[in-house]
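Observations on the model geometry
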Amino acid sequence: MIEVIDAERCTACDICVNVCPTNVFDKTDGIPTIARQSDCQTCFLCELYCPEDALFVSPFADAPQAIDVAALKEAAVLGSYRRAVGWVDESCHLRAADRSYRLFGH
Amino acid sequence: MTKRYDRAEKLSSSAGSIVFDADVLVLGGGPAGTWAAISAAEHGARVVLADKGFCGTSGATAAAGTGVWYVDPVPEHREAAMAGREKLGGYLQDRRWMARVLDRTYAQSNQLADWGYPYPADEDGKPQRNSLQGPEYMRLMRKRTKQAGVTILDHSPALELLVDGNGVVAGAAGLRRQKGDRWAVNAKAVVIATGGCAFLSKTLGSNVLTGDGYLLAAEAGAEFTSMEFSNAYAISPAFGSVTKTLFYSWASFTDQQGSVIPGASSKGGRSVIARALRKGPVFAQLDEADAETQRHMRVSQPNFFLPFDRTGIDPFTQRFPITLRLEGTVRGTGGLRIVDDSCATTVPGLYAAGDAATRELICGGFTGGGSHNAAWAMSSGYWAGQGAAEFARQLGATVGRQAFRRGTIGLRSGNGRTLQGGALARSVQDEVFPYELNYFREAGRLGESLNRLDGLWSEASHAASPDEQELLRAREAAAMLATARWMYRSALARQESRGMHRRDDYPEQDDRYRHYVTSGGLDDVWTSARPLVWAQYSEAAE
Ligand SMILES: Cc1cc2nc3c(=O)[nH]c(=O)nc-3n(C[C@H](O)[C@H](O)[C@H](O)COP(=O)(O)OP(=O)(O)OC[C@H]3O[C@@H](n4cnc5c(N)ncnc54)[C@H](O)[C@@H]3O)c2cc1C
Ligand code: SF4
Ligand code: SF4
């Protein structure tokens, strides 16, 4: 589930509020809040759309987890999914790197 | 030539509600809904698309990504593609529909390439179009939907259909969650593309898929078919949501002690995993993937690795606990019954596409993995949008037409307690999650479960409508409940095992049941057998 909006990075653009399919976030005067964490479906899509790498979705779908944000930043986990799908300049070649055709029919 | 599209008209925007006038209203903005909206607009309709979540991220495809049943138009390849799955689907497919879906999917995929979808090319430079990255695909579909002049309402779940005095669908009404008000769209035709029902199991991207479209279509009198093929369960790490199953073809499955579970496998041995999970934890490890395969996996499904990378598990060298999450009709084949080549339902003016519609025509009684659902979503979306636009055109002016709200359960004041969506949803899950009820079916257990589900229905239908905040949850739970009752009633009617439907008391496939099971009804759920007579479908209006 969604665990972190990093206040140091978030620019309050509200993109995550718009794109979350299950309406987990709420707008505020400042940075959004995680208003309905238990509605989170662990789809990781808010992370993909956050332009500031300010969000962290824990892979645990059924229960909240304690998170060490400093360690996540240190290990460059924030933004790692965006880099993996090629949604940042440095890795945009990965958008067309799908090798499923080599894997189907195994 | 740039094409001009007419937009749907905003009629009023008084406090508390917003009203649009459109030719075609599409409910749901996954692949089926966006293809339907674009197709309706291209066929001259003014279109509104309403999605419960955000069109572009919502639904199963956006989060998961899909293989696509894309086959080059080489006769032998097409023949093999059709023949290859007939046994698995229990010989309920229809060759004519398979052929037209293969044609349409080929055309739509090539359209995606023209629109700039970044398909990869193989070593010989040949483009490969049988896989779509979910976020990439649906981001593009949102953009093209907007460019087609479609008005998109995000975070706007439909709650009920509007129907005129002659029983013709006249639009729909719903909530705008982030505005705290209501929407209504007067439309000449409606496409239901709200996806399947995965019962809030947290299978990837699917918690928005609670069967809402089934419920509101049933309230207008629509019928269902193949609802017994609704017990798809997908493998995921026990703690996680990523139910991507392809890579488990390279896995070994072991028990607590580390002993290999005989017969357990992702394909053809998943029921063995279900049985083992009833006894204790089951572990997987993708130990059959060599280094090159591992590299291909990484770039092909980055989302598959999130649960592992974020917990420090190496899935190739370490065992990790797995579970099976129910996907219901999302990777089942049941859904709204369609009656002609334009994906019309039995209700005039109402069309169905994608997982909301049955996939029996191309998959019979089994889908699971295998790319057919994605092919169906783009094909049926295209046809339903075209059919709806044509219906709207023929209907002509509808000025002064009266529209009536058809919503029932959860929307009308009752004399019982207030409908509690959360509690009701959990009660339904208790009936559909357990493997011994849904995976392995048997008359006695199905009957008892149906008694409990019918009891829940009768209680819920007398309950009072909850307040605005809880309304969506209540309608979702009611839709799950209705879906479960069509599923189990249909499962009782099919006294054999076929496709994904497996009966402990009738373990064999039985030729007398080589027909479809139609179902419907709300207070009284009914089923009937329907023969595989393809002549009943009229020729394409294309
Ligand atoms: C993990 C996973 C992997 C899959 N892999 C494959 C694969 O490899 N190949 C394949 O062919 N298929 C696959 N599928 C199935 C495939 O994803 C679906 O068949 C496909 O997404 C169906 O498209 P759709 O548009 O009908 O539904 P969806 O993509 O589910 O979209 C439905 C939309 O309807 C909206 N909605 C729901 N209720 C309402 C309401 N009340 N009002 C308004 N909008 C509403 C939702 O928000 C959502 O946006 C997979 C599914 C899953 C879950
Ligand atoms: S998308 Fe990222 S930067 Fe924008 S509001 Fe959300 S967390 Fe902040
Ligand atoms: S993971 Fe998905 S459901 Fe959860 S907050 Fe992010 S976008 Fe919303």
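Basis of the calculations
Residues numbered from 1 in each chain as written. Chains lettered and ligands numbered in written order. Predicted model: local features only at pLDDT ≥ 70, side-chain atom pairs only at ≥ 80, totals over all residues. Heavy atoms only, no water. Helix = DSSP H or I, 4+ residues; strand = E, 2+ residues; numbered from the N terminus. Buried < 20%, exposed > 50% of the residue type's maximum accessible area, 1.4 Å probe, protein only. Contact = heavy atoms within 4.5 Å. Areas by Shrake-Rupley, 256 points an atom, 1.4 Å probe, with all protein chains shown as cover. Lys, Arg positive; Asp, Glu negative; His and termini not counted. Charge placed at Lys NZ, Arg CZ, Asp CG, Glu CD. Phe/Tyr/Trp six-rings, centres within 6.5 Å; stacked < 30°, edge-to-face > 60°. Lys NZ or Arg CZ within 6 Å of the ring centre and 35° of its normal. Domains from an automatic or database assignment. Buried area = accessible area lost by both parts, 1.4 Å probe. Salt bridge = Lys/Arg side-chain N within 4 Å of Asp/Glu carboxyl O. Polar contact = N/O pair within 3.5 Å; in protein donor to acceptor, adjacent residues only side chain to side chain. Near = heavy atom within 4 Å. Nonpolar A, V, L, I, M, F, W, Y, C, P; charged D, E, K, R; others polar. Pairing = 2+ DSSP bridges. Axes fitted to C-alpha atoms, helices over the stretch in contact; angles between N-to-C directions. Expected span 1.5 Å × (residues − 1). pLDDT = per-residue confidence, 0-100. Core = buried A, V, L, I, M, F, W, Y, C linked by side-chain atoms within 4.5 Å. Right-handed = clockwise from strand over helix to strand, strands pointing away.

**Brief notes about the overall build of chain A**
Scanning chain A from N- to C-terminus turns up five helices and four strands. Its helices and strands in sequence order give chain A the pattern β-α-β-β-α-β-α-α-α, from N to C terminus. Expressed as a percentage of its 106 residues, the buried residues of chain A come to 51%. Contacts in chain A between residues at least 24 apart in sequence constitute 50% of all its contacts with a sequence separation of at least 6. Of the accessible surface of chain A, which amounts to about 4,700 Å², a share of 50% is contributed by carbon and sulfur atoms. Charged side chains of chain A number 9 positive and 16 negative; the gap between the two group centres comes to 9 Å.

**Notes on the packing of aromatic side chains**
All names here are of chain B. Scanning the model with the defined rule gives 24 aromatic pairs over all chains in all. Between Tyr-435 and Tyr-439, the aromatic rings sit 6.4 Å apart at their centres with planes inclined by 80°, giving edge-to-face as the arrangement. One end of the pair is Tyr-435 and the other is Tyr-439, both in helix H13 (residues 435-439) and four residues apart, which spans about a single turn. By relative accessible area, which is 12% here, Tyr-435 ends up buried. Among the residues examined, Tyr-439 registers a relative accessible area of 8% and is labelled buried. Just above the ring of Phe-305 sits the side chain of Arg-298; from NZ or CZ to the centre is 4.2 Å. Against the face of Phe-283 rests Arg-319, its NZ or CZ located 4.3 Å from the ring centre.

**Things to note about the domain arrangement of chain B**
By a frequent convention, interface size equals the accessible area lost on bringing the separate parts together. Residue and element names in this part refer to chain B. Each domain of chain B was delimited in the assignment, giving domain 1 (9-69 + 134-230 + 330-359 + 368-405) and domain 2 (233-328). In this structure, domain 1 and domain 2 have C-alpha centres spaced 34 Å apart. Taken together, the contact pairs 14 residues of domain 1 with 11 residues of domain 2. In terms of surface lost to domain 2, no three residues of domain 1 exceed Thr-203, Leu-204 and Arg-331, which account for 44% of the buried area on that side. In this assembly, domain 1 and domain 2 are joined by one salt bridge. For Glu-327, the salt bridge goes to Arg-331, with nearest N and O atoms at 2.5 Å. In this structure, the connection of domain 1 to domain 2 is made through 14 residue pairs in polar contact (both at pLDDT 80 or more).

**Structural notes on the site of ligand 1**
Residue and element names in this part refer to chain B. Among the 38 residues in the neighbourhood of ligand 1, the closest are listed as Asp-51, Ser-58, Thr-61, Asp-355 and Ala-374. In the model, an oxygen atom of ligand 1 is placed 2.9 Å from a nitrogen or oxygen of the Ala-32 main chain. Here an oxygen atom of ligand 1 sits 3.1 Å away from a polar atom, N or O, in the main chain of Ala-60. Computed on the free molecule, ligand 1 has an accessible area of 1,000 Å², of which 97% lies beneath the protein chains in the complex. Only helix H1 (31-42), helix H2 (60-64), strand S5 (66-67) and helix H11 (372-395) provide two or more residues apiece to the shell around ligand 1. Among the elements that take part in the shell around ligand 1, H11 stands out by supplying four residues, more than any other. Partitioned by chemical class, the residues of the shell around ligand 1 number 14 nonpolar, 18 polar and six charged.

**Side note on the pattern of salt bridges**
Here the structure, examined in full by the defined rule, presents 48 salt bridges over all chains. The salt bridge involving Glu-219 of chain B is made with Arg-475 of chain B; its shortest N-O contact spans 2.8 Å. Pair noted here: Glu-219 of chain B is in helix H6 (residues 212-219) and Arg-475 of chain B is in helix H15 (residues 468-493), with a separation of 256 residues, a long-range link. Put simply, Arg-530 of chain B and Glu-360 of chain B hold a salt bridge, and the shortest N to O gap is 3.0 Å. Here Arg-530 of chain B, found in strand S21 (residues 526-530), pairs with Glu-360 of chain B, found in helix H10 (residues 360-363); they are 170 residues apart in sequence, far enough to count as distant. The class for Arg-530 of chain B is buried, based on a relative accessible area of 8%. The network of salt bridges with common partners includes Asp-39 of chain A together with Lys-52, Asp-212, Arg-473 and Glu-476 of chain B.

**Structural notes on the sheet that holds strand S15 (residues 282-285) of chain B**
All names here are of chain B. Pairing is antiparallel across the open sheet formed by four strands, whose spatial order is S13-S16-S15-S14. Because the sheet does not close on itself, it has two edges, and the strands there are strand S13 (232-237) and strand S14 (252-254). Going across the sheet, the axis of each strand differs from the next one's by a mean of 45°, ignoring polarity. Bridging between S15 and strand S16 (residues 320-328) involves three bridges; their strand directions are antiparallel. In the sheet register, Val-282 faces S16, and the bridge partner there is Ile-322.

**Some remarks on the interface of chain A and chain B**
Between chain A and chain B, the residue contacts involve 43 residues of the former and 56 residues of the latter. Ranking the residues of chain A by area buried against chain B places Tyr-101, Leu-103 and His-106 of chain A at the top, with a combined share of 16%. Where chain A meets chain B, there are six salt bridges. The partner of Arg-473 of chain B in a salt bridge is Asp-39 of chain A, and the shortest N-O contact between them spans 3.1 Å. Put simply, chain A and chain B have 25 residue pairs in polar contact (both at pLDDT 80 or more) between them. Elements supplying a minimum of two residues to the side of chain A that touches chain B: helix H1 (15-19), helix H2 (45-49), strand S4 (55-57), helix H4 (80-85) and helix H5 (100-103) of chain A.

**Some remarks on H1 of chain B**
Residues and elements named next belong to chain B. With 12 residues, H1 should cover 16 Å at 1.5 Å per step; its first-to-last C-alpha distance of 16 Å lies within 8% of that length. By the criterion of burial, H1 is predominantly enclosed, with 11 of the 12 residues buried. The set of residues buried in H1 consists of Pro-31, Ala-32, Gly-33, Thr-34, Trp-35, Ala-36, Ala-37, Ile-38, Ser-39, Ala-40 and Ala-41. The first or second residue beyond H1 is Gly-44, which carries a positive phi of 95°.

**Let's talk about the confidence of the model for chain B**
Residues and elements named next belong to chain B. Mean pLDDT over chain B stands at 95; residues scoring 70 or higher make up 96%. Low pLDDT, under 50, characterises residues 535-542; the stretch is placed with 20 contacts to residues that sit more than four places away or in other chains. Our summary of model confidence lists the complex with pTM equal to 0.97 and ipTM equal to 0.98.

**Some thoughts on the nonpolar core**
Residue and element names in this part refer to chain B. By size, the foremost hydrophobic cluster in this structure holds 185 residues, and its most contacted members are Leu-27, Trp-69, Leu-112, Trp-183, Tyr-248, Phe-253 and Trp-376. Viewed by domain, this core spans two of them, domain 1 (9-69 + 134-230 + 330-359 + 368-405) and domain 2 (233-328), each represented by three or more residues. In this structure, Trp-376 is in contact with Trp-97, Val-101, Ile-338, Cys-343, Gly-354, Ala-357, Thr-358, Arg-359, Leu-361, Ile-362, Gly-381 and Trp-383, ignoring residues within four places of it in sequence.

**Side note on the pairing of strand S3 (residues 24-27) of chain B**
Residue and element names in this part refer to chain B. Alternating residues of S3 divide into Val-24 and Val-26 and Leu-25 and Leu-27, and every residue in both groups is buried. This β-α-β element, S3 to H1 to strand S4 (residues 47-50), shows right-handed connectivity. As judged from the four bridges shared by S3 and strand S11 (residues 189-192), these two strands associate in the parallel manner. Among the inter-strand pairings, Leu-27 is bridged to a residue of S11, identified as Ile-192.

**Focus on the sheet that holds S11 of chain B**
Sheets are built from strands that pair by backbone hydrogen bonding, the pairs being arranged parallel or antiparallel. Residue and element names in this part refer to chain B. Read from one edge of the open sheet, five strands run S7-S4-S3-S11-S18, paired in parallel fashion. Edge positions in the sheet fall to strand S7 (151-153) and strand S18 (350-352), since each has one partner strand and no second. For this sheet, the mean angle separating the axes of adjacent strands, direction not counted, is 20°. For S4 and S7, the ladder comprises three bridges, and the chain directions are parallel. Counted as the bridge partner of Ala-50 is Leu-153 from S7.

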